[in-house]
Amino acid sequence: MKNIQVRATLLAIVFLACCFGSLIAADKDSTRVRGSKDLGLYIGGAYSLGRMESKTIEEFNVSPKLSNSVGLLAGFCYNLYIGKKSIVRPAVEAFFLPMSIEYPAGNSRTTMRKVFPMTVEFPVSWIYSSFRTKTFPRPKAKPEFGLSLRPVLAVKMLSELQPVLRSTNINTDVFIGYPFSNDKSVMRLELYYSHGWNNLIGSDPDNYYTSSITSLVRHVIGVRCMFH
């Protein structure tokens with residue numbers, strides 16, 4: 001358990017360091033920044049809003065309990081302009097947001113299992129916006145609204161063997177944002193809610209870690225700061 005947490009933390013630190021390094025390098029070359037304003041880098045924070053339905057484990061006469069947590073995300077995106085007020089934005093994200101399931105272990109003891117400590121996610125967003133990074137002078141900034149379809153892929157090497165989880169999921173997002181700009185860059189601040197549709201629990205009738213849970217869904221709320 002501790003080794004998994006340490007590895008996930010180290011991967012998060014390395015990924016975020018690479019992202020910040022890319023941003024700093026771009027800032028040193030204004031020509032490169034101006035030529036790649038449709039390419040975006042972002043980081044953010046999130047809180048899981050998981051929901052679980054479980055059965056009583058007869059051996060202990062207690063049901064498993066789900067604990068939500070805070071986490072980090074980082075990613076890259078690209079803006080494609082469709083019409084005057086629409087942006088289509090495909091992206092790739094690394095998410096570090098483990099939920100925990102607490103199981104009874106006898107003698108008033110418990111054991112914890114992490115759920116999806118790391119995922120790679122591929123949101124494709126539609127944004128209603130009058131703001132264009134290529135427009136000079138830029139229009140007056142106004143709030144933006146968006147919807148996303150978000151395929152989710154769990155990194156199995158960081159997941160625990162029990163409970164058995166499905167490795168893929170589909171979420172849909174709604175978000176509101178606001179763009180800020182200066183002569184060299186554009187920043188977007190977005191608040192979002194991501195709704196998970198799939199039951200993440202797999203099948204293993206011979207193990208109570210899995211069989212005691214009938215339904216587990218993963219919703220997320222968070223904020224992200226995007227740099228172009």
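Provided above is the structure to which this section pertains.
Note on numbering: residues in each chain are counted from 1, in written sequence order. The model is predicted, so local features are restricted to residues of pLDDT at least 70 and side-chain atom pairs to those at 80 or more, both for listing and for counting; the totals for chains, interfaces and linings are taken over all residues. Just so you know, side-chain values use all the structure's heavy atoms and leave hydrogens and water out.

Secondary structure elements are defined from DSSP: runs of H or I of at least 4 residues count as helices, runs of E of at least 2 residues count as strands, and each element is numbered from the N terminus. The secondary structure content of the chain amounts to three helices and 15 strands. Per-residue accessibility, obtained with a 1.4 Å probe over protein chains only, is compared with the maximum for each type, and a residue is labelled buried under 20%, exposed over 50%, and partly exposed between these values. Per-residue burial for the chain yields a buried fraction of 44% across its 228 residues. Should any heavy atoms of two residues lie within 4.5 Å, those residues are considered in contact. Here the analysis covers contacts within the chain between residues at least 6 apart in sequence; of these, 69% occur between residues at least 24 apart. Summed over its atoms, the accessible surface of the chain is roughly 11900 Å², and 62% of this surface lies on carbon and sulfur atoms. Method for areas: the Shrake-Rupley scheme with a 1.4 Å probe, in which residue coverage is limited to the protein chains shown.

Let's shift gears to the nonpolar core. Each nonpolar core is a collection of buried residues, namely Ala, Val, Leu, Ile, Met, Phe, Trp, Tyr and Cys, held together in the definition by side-chain atoms within 4.5 Å. Ile101, Tyr103, Val115, Phe116, Leu165, Ile213 and Leu216 are the most contacted members of the largest nonpolar core, which totals 14 residues. Going through the elements one at a time, strand 7 (99–106) and strand 14 (213–217) are the ones with two or more residues in this core. In terms of nonpolar packing, the next biggest core, distinct from the first, is built from 13 residues, Tyr42, Leu73, Phe95 and Leu97 among them.

This part takes up empty space enclosed by the protein. Of the grid points, spaced at 1 Å and generated over the protein atoms alone, those admitting a 1.4 Å probe that cannot get out make up cavities, while open sets with protein on both sides within 12 Å along at least five of seven lines make up pockets; any residue with an atom within 4 Å of a point is treated as lining. Grid points are joined across faces, edges and corners, and a volume is the space filled by probe spheres set on the points. On inspection of all chains with the given rule, the structure shows one cavity of 30 Å³ or more. The computed volume of the largest cavity comes to approximately 40 Å³. Forming the walls of the largest cavity are Tyr42, Cys77, Arg89, Ala91, Glu93, Pro123, Ser125, Ser148, Arg150, Arg224 and Met226. For the lining of the largest cavity, the secondary-structure elements that each account for two or more residues are strand 6 (86–96), strand 11 (144–154) and strand 15 (220–227). At three residues, strand 6 tops the list of elements feeding residues into the lining of the largest cavity. Throughout, the ten residues Ala, Val, Leu, Ile, Met, Phe, Trp, Tyr, Cys and Pro are labelled nonpolar, Asp, Glu, Lys and Arg are labelled charged, and all others, Gly among them, are labelled polar. Looking at the lining of the largest cavity residue by residue, the class counts come to five nonpolar, two polar and four charged.

Within a regular beta strand, the side chains point alternately toward one face of the sheet and then the other, so they alternate between its two faces. Two strands form a pair only when DSSP identifies at least two bridges running between them. Note that strand 7 and strand 8 (residues 109–115) share seven bridges and pair antiparallel. In the sheet register, glycine 106 faces strand 8, and the bridge partner there is arginine 109.

What follows covers the environment of threonine 110. Examined against the element boundaries, threonine 110 turns out to sit in strand 8. Relative accessible area serves as the criterion here: at 46%, threonine 110 is assigned to the partly exposed category. The spacing of threonine 110 and proline 64 is 46 residues in sequence and 9.5 Å in space, taken between C-alpha atoms. Ignoring sequence-local partners within four residues, the contact set of threonine 110 consists of Glu102, Tyr103, Pro104 and Ala105.

What follows deals with unusual backbone geometry. One non-glycine residue, phenylalanine 116, lies in positive phi territory at about 50°. Among the secondary structure elements, phenylalanine 116 is positioned in the loop between strand 8 and strand 9 (119–121). Accessibility expressed as a relative area gives 2% for phenylalanine 116, which makes it buried.

In this analysis, rings of Phe, Tyr and Trp, with Trp reduced to its six-membered ring, are considered paired at centre separations within 6.5 Å, and the interplanar angle assigns stacked below 30 degrees, edge-to-face beyond 60, and tilted for intermediate values. If you walk through the whole model with that rule in mind, you get four aromatic pairs. Taking the centre distance of 6.2 Å and the plane angle of 70° together, the rings of tyrosine 103 and tyrosine 208 count as edge-to-face. A residue pair is termed long-range when its members are at least 10 positions apart, and tyrosine 103 in strand 7 and tyrosine 208 in helix 3 (residues 208–211) qualify at 105 residues. Connected via pairs of aromatic rings, a cluster forms that spans Tyr103, Tyr208 and Tyr209. For a lysine, the NZ atom is tested; for an arginine, the CZ atom; a charge sits over a ring if that atom is within 6 Å of the ring centre and within 35 degrees of the ring normal. Between arginine 113 and the ring centre of tyrosine 209, over which it is positioned, the NZ or CZ distance is 4.5 Å. The lysine or arginine in question, arginine 218, covers the ring of phenylalanine 95, its NZ or CZ lying 5.6 Å from the ring centre.

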